Amino acid sequence: MNKTRALDQITWENFSELSTMEKAPCFLKEGRIFHALVAQQFSRSLLEDLCSLATCVRRIAKTRTGSRFLQEQLFDRRAMLYFAQPSSRTYLSFAAACQVVGLDCMDVRDSSTSSEVKGESSEDTVRTFSSYVDLIIMRHPEGGFAERVAWMLSNTSRPVPVINAGSGKDQHPTQALLDIYTLERSFENGGGIDGKTVAFVGDLKRGRTVRSLAWLLTQYEGVKAWFVAPPELQIGEDILQQLDAAGMSYEISFDFEKVIPQADAIYMTRIQDEWDLNNESRAIDTSMYHFKKEHLKMLKETGVIMHPLPRRAEIDTAVDSDPRAVYWRQVRNGMWIRAALILSVFGCDRAVRDYYKEQEQ
Amino acid sequence: MNKTRALDQITWENFSELSTMEKAPCFLKEGRIFHALVAQQFSRSLLEDLCSLATCVRRIAKTRTGSRFLQEQLFDRRAMLYFAQPSSRTYLSFAAACQVVGLDCMDVRDSSTSSEVKGESSEDTVRTFSSYVDLIIMRHPEGGFAERVAWMLSNTSRPVPVINAGSGKDQHPTQALLDIYTLERSFENGGGIDGKTVAFVGDLKRGRTVRSLAWLLTQYEGVKAWFVAPPELQIGEDILQQLDAAGMSYEISFDFEKVIPQADAIYMTRIQDEWDLNNESRAIDTSMYHFKKEHLKMLKETGVIMHPLPRRAEIDTAVDSDPRAVYWRQVRNGMWIRAALILSVFGCDRAVRDYYKEQEQ
Amino acid sequence: MNKTRALDQITWENFSELSTMEKAPCFLKEGRIFHALVAQQFSRSLLEDLCSLATCVRRIAKTRTGSRFLQEQLFDRRAMLYFAQPSSRTYLSFAAACQVVGLDCMDVRDSSTSSEVKGESSEDTVRTFSSYVDLIIMRHPEGGFAERVAWMLSNTSRPVPVINAGSGKDQHPTQALLDIYTLERSFENGGGIDGKTVAFVGDLKRGRTVRSLAWLLTQYEGVKAWFVAPPELQIGEDILQQLDAAGMSYEISFDFEKVIPQADAIYMTRIQDEWDLNNESRAIDTSMYHFKKEHLKMLKETGVIMHPLPRRAEIDTAVDSDPRAVYWRQVRNGMWIRAALILSVFGCDRAVRDYYKEQEQ
């Protein structure tokens, strides 16, 4: 794979022809994450590092002295939260993560206020934004735009790292990270993620979180996936081929209740009808794929119910108070793993780990 | 009143059937304000505590060392400013109050950017927001929504306090607090609020600030209210009944100029024609209820003119430069009393008072 | 010029009749910049002070200790970024500048969220905003509004400085400052701005940056200007008269390629067709006024290409990587010069210079 080079040593033409897997290592710099753009760039060891760092951050933040220490890490840096496509939850999660590590934020949360209206190219807009900051956290409706920006910025005299907070239909890597972190935490006293059974339920065809998480799970040993959805919304062939290639075992199912007792984690998802071309989702009966209160007794005692949120009817609100419903904790995990990611990008991970070790003694 | 219990010890069904007066004590926690939702939860002694705390904050903030001390109080906390109904002035007042006490803010100021558009329930939206923060300051067009959120959050494993920054037509408690604080400051060398005469003028039927302030004034001794408005916009019977029940004396009047010389405070309000069903306000001649420059000579030397703002024509701008026009100071008082409220919610009031006493010596 | 007085010693009627040149000194207070509203208030010595201060700030900010020192300067102050007319780039530049000097920001970036919708006057809106802060940074579509606000605030008991971040068609003084700072930096080893030739290219009729910069250049010795534009978009007579009065030499040209080799700085601008009444710009062929890659070889080795951005087609993106293309550095210079301006307004310039000198030793 000697096609792989740092982004500032490859032309856009050559880079854009690479597959996602081939691109992934280009986003590193001196062995460290520089840009965080695709789920594929996170190897198991990187995932484990990030998860353990997130746990350090979470625990350090419990005291005032610890909070102060964390905020000292990046007080002298600024981040830009550029959300050309609005998303309150992802925006807030990143804003909170930045606050935890002392990083000052500025935001543009509305494409219409940007100078694109004056005929500027999107690249120029982001390059201007990048001039004021040390990190760009970006959500954009156009798939691949974050990669183009990362390449462009890496080829200026002032390269600024880019974190992808969701681009188009395909990538939302920090969502996948928080899912992994939630699984890790859920099974930390149960042998970790290795060997676990994860059931994905709902709209598997169009949910980018499912695609990314399934891919990341291939890095663990002996994980089994169930894909539970109505035929029209089943998981794509391309994903299954990736799982086959990685040797991960999986089953397709249309019978949710049969799967529940076998799963260690149930990953519920919403019908993504915003991608409908012609309201086709309405004709599909998805009620058999809802997690109802009565399902709680079928679920393993050590099982967990996850959801990337927002939810509609796919999980009964009566389920919320069950300790195995971890989707609200998942939200907060997002904040911690994003804080960990930001610290890593700026090379502060070592200092944070050392501080944590000292405090533990 | 043994129906009254902490919010986490009462079902939503039982809670929602309580009157506002019965609900009020549920918003406390261990004798302290936890949620701040309705004017009715502020007893005289709480009001006096908040006012004196606001004064401590205001004076401490005059020096750099004092500012630093205040900012140390809540540096390790985050607040969410969720304004589903935009309001720049209330938003900014809270944002400034947060800054004074070192509380980092994140905001969503536009309902359309929230994920409600993806079919999420309003409760889920706020619960998600709450995951990232330690305090929610919320403005919402729907009356009672703040209470529902407070109940819901109190019944999770991570309860987060809620401050109501205006909900629907009825409650805007921090506006009432700043009005009380302005009256206190105005009469601090004149015997306080007890025994004063307050004239409410303008649209008394639909102004929620008038309703809340009138109610809070019942807690003081010997206060007299005048309600001066055109017949179509006079104060509601329900308020008068409350005042009767509390034994507060009041008079209805249609003659503004007769009332001016008798008032210690004149509380002007704007015609709230945004609540018009059919432009009915336009047919009402309100010009006799405007405070004009020539009215200044009728006003007591110790009298004050207040206004919750924004104003239209109800107060001549030529009045602004008179020292008895305190509506601009009222704005700034809002910032101090909100800072005091936030400090109280987090239990920092004691530390701030102690610091103030030390400095005074 | 004894008409000139501080803003609080002159009536609005008398003030508003003054020319811009006569108004300029009214924005000072005790010999220091208080309001920053028009380019005409910046004398050469003030420009030099600001540029050298910006350089101090830029260099101090390179270390963590230095960043901390800068952030200590204004930690106890708040600024309001009021952008009634959205502009991401100017907004972000100011927000970053505030962060550099530790000034906490609040923003309203959308006229529709302000209470102007409730019938409030624009003056009342800004006066309310000013109550919460120590500085107002304001962009407004209405020419002269910033001046009215500055006069109004100077005549209250709590005067708050106003920085004009763009008002109407005429003034955008901090853009002119950053242009001067970019020229200073570009020629710091080449004798400074004195004696240089600056070519303005593009829409000279409607670009306020050109008007302001041309005026500021009259304060330097022996500067020559070229105005290169299609006849319909040439520089206004009023500017030329100002230059004549100041004794600055200039030439009008329609031949871009002839001018390139003679220029030390080429200031490119965009066609401002948002001011078109009837799409008249479309009929104008401006392609001869574009800077193309092949022009690079005509440009002096020491020459620089500037642009206030956003750009459209006036500069080929292939030009970006040439070291003489300084428009991206210009963006960042804006942040530094704005930080310097803010420090000056608050009288922190001395402390910053002293710190810099100490560190240099």
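Model, not experiment: these values are computed from the prediction.

**Quick look at the overall build of chain A**
- Each helix and strand in chain A was counted, giving 13 helices and 11 strands.
- For chain A, whose C-alpha radius of gyration is 20 Å, the value lies close to the compact-globule estimate of 21 Å for 361 residues.
- Based on the C-alpha atoms only, the size of chain A along its principal axes is roughly 55 × 55 × 40 Å.
- In chain A, which comprises 361 residues, the share counted as buried stands at 50%.
- Relative to all contacts within chain A whose residues are 6 or more apart in sequence, the contacts with residues 24 or more apart total 76%.

**A few points about the relation of the copies chain A and chain B**
- With an RMSD of 0.0 Å, chain A superimposes on chain B once it is rotated by 120° and translated 0.0 Å along the axis. The operation mapping one copy onto its partner corresponds to a three-fold rotation axis. Measuring from the rotation axis to each C-alpha of chain A, the shortest distance belongs to A:D104, at 5.9 Å.

**Regarding the packing of helix α8 (residues 173-186) of chain B against helix α9 (residues 208-217) of chain B**
Residues and elements named next belong to chain B.
- At their nearest, the axes of α8 and α9 sit 9 Å apart, and the two run at 55° to each other. The angle between α8 and α9 falls in the class oblique. Here the hand of the crossing between α8 and α9 comes out right-handed. In contact with P173, Q175, A176, D179 and I180 of α8, α9 contributes T209, S212, L213 and L216.
- Considering only residue class, the contact of α8 with α9 consists of five nonpolar, three polar and one charged.

**Structural notes on the sheet that holds strand β10 (residues 265-268) of chain B**
Residue and element names in this part refer to chain B.
- One open sheet holds the five strands; their spatial order is β9-β8-β7-β10-β11, and the pairing between them is parallel. Single-partner strands in this sheet number two, and they are β9 (249-253) and β11 (304-306). Taking each pair of neighbouring strands and ignoring which way they run, the sheet shows an average axis angle of 20°.
- Here three bridges tie β10 to β11, and the two strands are oriented parallel to one another. Following the sheet pairing, I266 is matched in β11 by I305.
- Taken strand by strand, α9 contacts β7 (197-201), β8 (224-228) and β10, and its axis lies near 165° from that of β7.

**Let's talk about the interface of chain C and chain B**
- Contacts between the two partners involve 18 residues from chain C and, on the opposite side, 19 residues from chain B.
- At the level of secondary structure, the elements contributing two or more residues to the side of chain C that touches chain B comprise β4 (104-108) and α6 (122-131) of chain C.
- Broken down by element, the side of chain C that touches chain B gets its largest block of residues, five residues, from α6(C).
- Residues that form the side of chain C that touches chain B fall into these classes: five nonpolar, six polar and seven charged.

**Focus: unusual backbone geometry**
- In this structure, A:P310 follows A:L309 across a cis peptide bond, with omega equal to -5°.
- Positionally, A:P310 belongs in the loop between β11 (304-306) and α12 (327-345).
- Positive phi values are uncommon outside glycine, yet C:L309 reaches one of about 60°.
- By the secondary structure assignment, C:L309 is in the loop between β11 (304-306) and α12 (327-345).
- Accessibility expressed as a C-beta count within 10 Å gives 25 for C:L309, which makes it buried.

**Quick word on the nonpolar core**
- The biggest cluster of nonpolar side chains holds 352 residues, and the ones touching the most others in it are B:F200 and C:F200.
- Leaving out residues up to four positions away in the same chain, C:F200 has contacts with C:V210, C:A214, C:A225, C:W226, C:F227, C:V228 and C:Y267.

**Points about helix α12 (residues 327-345) of chain B**
- If you check α12(B), its first and last C-alpha atoms are 27 Å apart, about what 19 residues at 1.5 Å a residue would give, namely 27 Å.
- Positioned one or two residues after α12(B), B:G347 has a phi angle of 70°, which is positive.

**Description of the sheet that holds strand β4 (residues 104-108) of chain B**
Residue and element names in this part refer to chain B.
- In space, the four strands of this open sheet follow the order β4-β3-β5-β6, with parallel pairing throughout. One side of each edge strand has no neighbouring strand; the edge strands of this open sheet are β4 and β6 (162-167). Strand-to-strand twist across the sheet, computed as the mean angle between neighbouring axes with direction ignored, equals 15°.
- In this structure, strand β5 (residues 135-140) lies alongside β6, joined through four bridges in parallel fashion. Within the sheet, the bridge partner assigned to I136 lies in β6 and is V162.

**A word on the interface of chain A and chain B**
- Contacts between the two partners involve 19 residues from chain A, matched on the other side by 18 residues from chain B.
- Among the elements of the structure, α4 (64-73), α5 (88-100) and α12 of chain A are those that each provide at least two residues to the side of chain A that touches chain B.
- In terms of residue count, the dominant contributor to the side of chain A that touches chain B is α5(A) (seven residues).
- For the side of chain A that touches chain B, a count of residues per class yields nine nonpolar, four polar and six charged.

**Section: the domain arrangement of chain A**
All names here are of chain A.
- Domain boundaries assigned for chain A yield domain 1 (7-172 + 334-350) and domain 2 (174-332).
- On a C-alpha basis, the centroid separation for the pair domain 1 and domain 2 is 26 Å.
- Counting from both sides, the interface comprises 21 residues of domain 1 and, opposite them, 19 residues of domain 2.
- Take the side of domain 1 that touches domain 2: its biggest share by element is six residues, from α12.
- Its residues assigned to classes, the side of domain 1 that touches domain 2 comprises 11 nonpolar, five polar and five charged.

**Thoughts on the packing of helix α3 (residues 44-60) of chain A against α12(A)**
All names here are of chain A.
- Their axes nearest at 8 Å, the elements α3 and α12 cross at an angle of 110°. Here α3 lies roughly perpendicular to α12, going by the angle between them. On α12, the residues that touch L50, L53, A54, V57 and R58 of α3 are W336, I337, A339, A340, L341, L343 and S344.
- Looking at the contact of α3 with α12 residue by residue, the classes come out as 10 nonpolar, one polar and one charged.

**Section: the pairing of strand β8 (residues 224-228) of chain A**
Residue and element names in this part refer to chain A.
- Where burial is concerned, most of β8 is hidden: four out of the five residues are buried.
- Bridge count for strand β7 (residues 197-201) against β8 is five bridges, and the pairing is parallel. Pairing of T197 across the sheet is with K224, part of β8.
- Taken together, β7, helix α9 (residues 208-217) and β8 constitute a β-α-β crossover, and its handedness is right-handed.
- Inspection of the sheet shows β8 paired to strand β9 (residues 249-253) by five bridges, in the parallel sense. Paired with K224 across the strands is S249, a residue of β9.
- Remark: the β8/helix α10 (residues 237-246)/β9 crossover connection has right-handed handedness.

**Re the environment of A:P161**
All names here are of chain A.
- Within the secondary structure layout, P161 lies in the loop between α7 (145-154) and β6 (162-167).
- Sequence separation between P161 and D134 is 27 residues; the distance between their C-alpha atoms is 7.2 Å.
- In this view, P161 contacts F34, H35, L135 and V345; residues no more than four positions away in its chain are not counted.

**Details of the environment of A:C98**
Residue and element names in this part refer to chain A.
- The residue C98 is located in helix α5 in this model.
- It is 30 Å that separates the C-alpha atoms of C98 and Q9, two residues lying 89 residues apart in sequence.
- For C98, the residues in contact, after removing those within four places along its chain, are A79, L103, C105 and I342.

The rules behind each value
- Residues numbered from 1 in each chain as written.
- Chains lettered and ligands numbered in written order.
- Predicted model: local features only at pLDDT ≥ 70, side-chain atom pairs only at ≥ 80, totals over all residues.
- Helix = DSSP H or I, 4+ residues; strand = E, 2+ residues; numbered from the N terminus.
- Rg over C-alpha atoms; globule rule 2.2 N^0.38 Å.
- Buried ≥ 20, exposed ≤ 12 C-beta atoms within 10 Å, placed from the backbone.
- Contact = placed C-beta atoms within 7 Å.
- Least-squares fit on C-alpha atoms with pLDDT ≥ 70 in both.
- Axes fitted to C-alpha atoms, helices over the stretch in contact; angles between N-to-C directions.
- Parallel < 35°, antiparallel > 145°, perpendicular 65-115°, else oblique.
- Left-handed = near helix turned anticlockwise from the far one by under 90°.
- Nonpolar A, V, L, I, M, F, W, Y, C, P; charged D, E, K, R; others polar.
- Pairing = 2+ DSSP bridges.
- Core = buried A, V, L, I, M, F, W, Y, C linked by C-beta atoms within 7 Å.
- Expected span 1.5 Å × (residues − 1).
- Domains from an automatic or database assignment.
- Right-handed = clockwise from strand over helix to strand, strands pointing away.

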